[in-house]
Amino acid sequence: MPGTEWQLTGTHVQKMEYALNTDGQVKRFRAVTVWNPTAGIYDVSLLSGADDAYTSGGYYKAGTLFKTVSKDEDGNESQIFTNSRGVKIMLRQINTKIDGSSENLDTYYVYDDTGNISFIIPPKAAVSGTLAQIQAVLNTLCYQYKYDQYYRLVEKKVPGKDWEYFVFDKQNRQVLGQDGNLRTTTNNFGQKGWMFTKYDAFGRSLYYGFFSSTASRADIQATLNNISVNVLNNEKSSNSPFTQNNLNIYYTQEAFPNGSLTVLKVNYYDEYPAGVPDRPQQIQGSNTLAAVPSNITVNGLSSVRSTKILPTASITRNIENEKWTSSVLWYDTLGRVIGTYEGNHLGGFTRTEALLDFSGKTKESYTFHSKNTSNTQITVKDRFVYSPQNFLLKH
């Protein structure tokens, strides 16, 4: 009978088993941290667990970990070992080789005393016989994480990449990030630096790009920790823009960093900036929401509505010609997106319009596309038909 093997009495079923670990089954590692005041981080070392009530000979004693065994429909088995707090210590996957034999692929998760993940040791490193052998391949095969005094992740190392550094402001927002390429002069910017992000008082990303600087992570973090002007490091909108590559950017440039910047993308909220396509008064018969608050009456109830708090536009720097491409969102009076506009690097555009029903489902959508200014515009119409239960019947 078709499907018999997939029934509960068949061979292709999911299975779960629950047990405890046995002696010599799971290695115990420790992440030992030491505060480094110069770097402003906790340096961390990988060690074996010393013998205690839970450990013997570098392994967890029997019955000290919970073991969950899961098998999928094809018999592939994985085992997860967790401690009494429910924290995952090891993931074991049983790999069946071509010759029919099996091997354990173990991934270890090592935490510091505060519970932050410090190391992830993948199977290729975990098969090493001794701690010294694992320590020797930490930088090439393992994941490493370091934290500052506020337990924010400030340094990270993943296999195949150099260390990545992160800098935070007093609101715990990541304002700078740097990988190994940005610590050289052979990157796309031709100089050492950081990728920056600036935020407003609501934590919204306003604009980001490249910040040219040879300063270390610790020095820049100290600067942000001791900042005395614009302590919260918030950026604000402005009617007096600053200019980059012939683009007016309508922000104050008050937040750190405020110099040696190459802006790559700008996001706008609440209002539509000058230079983007004008907002149409109507889209598919629906009035569009304006930045200026207006009284709107629906079913006899009056309210004041605008694009306040909504994302309105983003402008991205082109890689091909260092010009700018704009993207705009238009809303109906219920705050639903009913129109979009996106330019391209060739001077063309793609514009969409949507006709929505009262619940927000799309009844009709229109896509208008032109490759560049000399090409004929292409129009694509999509129609959607739903059942009374709101299931899509036709498209």
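What you are looking at is a predicted structure, and each value in this text was computed from that prediction instead of being measured.

(A) Here's a closer look at the pattern of salt bridges. On inspection of all chains with the given rule, the structure shows 15 salt bridges. Where Asp52 meets Arg28, a salt bridge forms, and the shortest distance between an N and an O atom there is 3.3 Å. Here Asp52 is found in the loop between β3 (41-48) and β4 (55-56), whereas its partner Arg28 is found in the loop between β1 (15-20) and β2 (29-36), with 24 residues between them in sequence. Residue Asp52 is classed as partly exposed on the basis of its relative accessible area, which comes to 36%. Note that Asp106 and Arg92 form a salt bridge whose closest N and O atoms lie 2.7 Å from each other. With Asp106 in strand β9 (residues 102-111) and Arg92 in strand β8 (residues 88-96), this residue pair connects regions lying 14 residues apart in the sequence. Of the two residues examined, Asp106 and Arg92, each falls in the buried class. What emerges from the salt-bridge pattern is a single network uniting Asp200, Arg204 and Asp270.

(B) Helix α4 (residues 217-225), seen in detail. Among the residues making up α4, those that are buried are Arg217, Ile220, Gln221 and Leu224. End-on view of α4: buried residues confined to an arc of 100°, all on one side of the axis.

(C) Representation of the nonpolar core within the structure. If you look at the biggest cluster of nonpolar residues, it comprises 40 residues, and the most contacted ones within it are Leu176, Tyr207, Phe211, Ile249, Tyr251, Val263 and Val266. Excluding residues within four positions of it along the chain, Tyr251 makes contact with Leu206, Tyr207, Glu235, Lys236, Ser237, Ser238, Ser240, Phe242, Val266, Asn267, Tyr268 and Tyr269.

(D) Structural view of empty space enclosed by the protein. All told, the structure shown has one cavity of 30 Å³ or more when counted by the stated rule. There is about 40 Å³ of room inside the largest cavity. For the lining of the largest cavity, the secondary structure elements donating two or more residues are β3 and β11 (143-147). Per-element accounting of the lining of the largest cavity gives the leading share, three residues, to β11.

(E) Geometry of unusual backbone geometry. Omega for the bond connecting Phe256 with Pro257 falls within 30 degrees of zero, at -5°, which places this linkage in the cis form. Within the fold, Pro257 resides in the loop between β18 (247-251) and β19 (261-269). Phi at Asn172 takes a positive value of approximately 60°, unusual for a residue other than glycine. Here Asn172 lies in the loop between β13 (164-168) and β14 (174-178). The class for Asn172 is partly exposed, based on a relative accessible area of 48%. One non-glycine residue, Asn233, adopts positive backbone phi at about 60°. Position of Asn233 relative to the elements: it lies in the loop between α4 and β17 (237-244). Residue Asn233 is classed as buried on the basis of its relative accessible area of 2%.

Analysis parameters
- Residues numbered from 1 in each chain as written.
- Predicted model: local features only at pLDDT ≥ 70, side-chain atom pairs only at ≥ 80, totals over all residues.
- Heavy atoms only, no water.
- Salt bridge = Lys/Arg side-chain N within 4 Å of Asp/Glu carboxyl O.
- Helix = DSSP H or I, 4+ residues; strand = E, 2+ residues; numbered from the N terminus.
- Buried < 20%, exposed > 50% of the residue type's maximum accessible area, 1.4 Å probe, protein only.
- Arc of directions from axis to C-beta.
- Core = buried A, V, L, I, M, F, W, Y, C linked by side-chain atoms within 4.5 Å.
- Contact = heavy atoms within 4.5 Å.
- 1 Å grid on protein atoms, 1.4 Å probe; cavity = no way out; pocket = protein on both sides within 12 Å on 5 of 7 lines; lining within 4 Å.
- Points joined across faces, edges and corners; volume = space filled by probe spheres on them.

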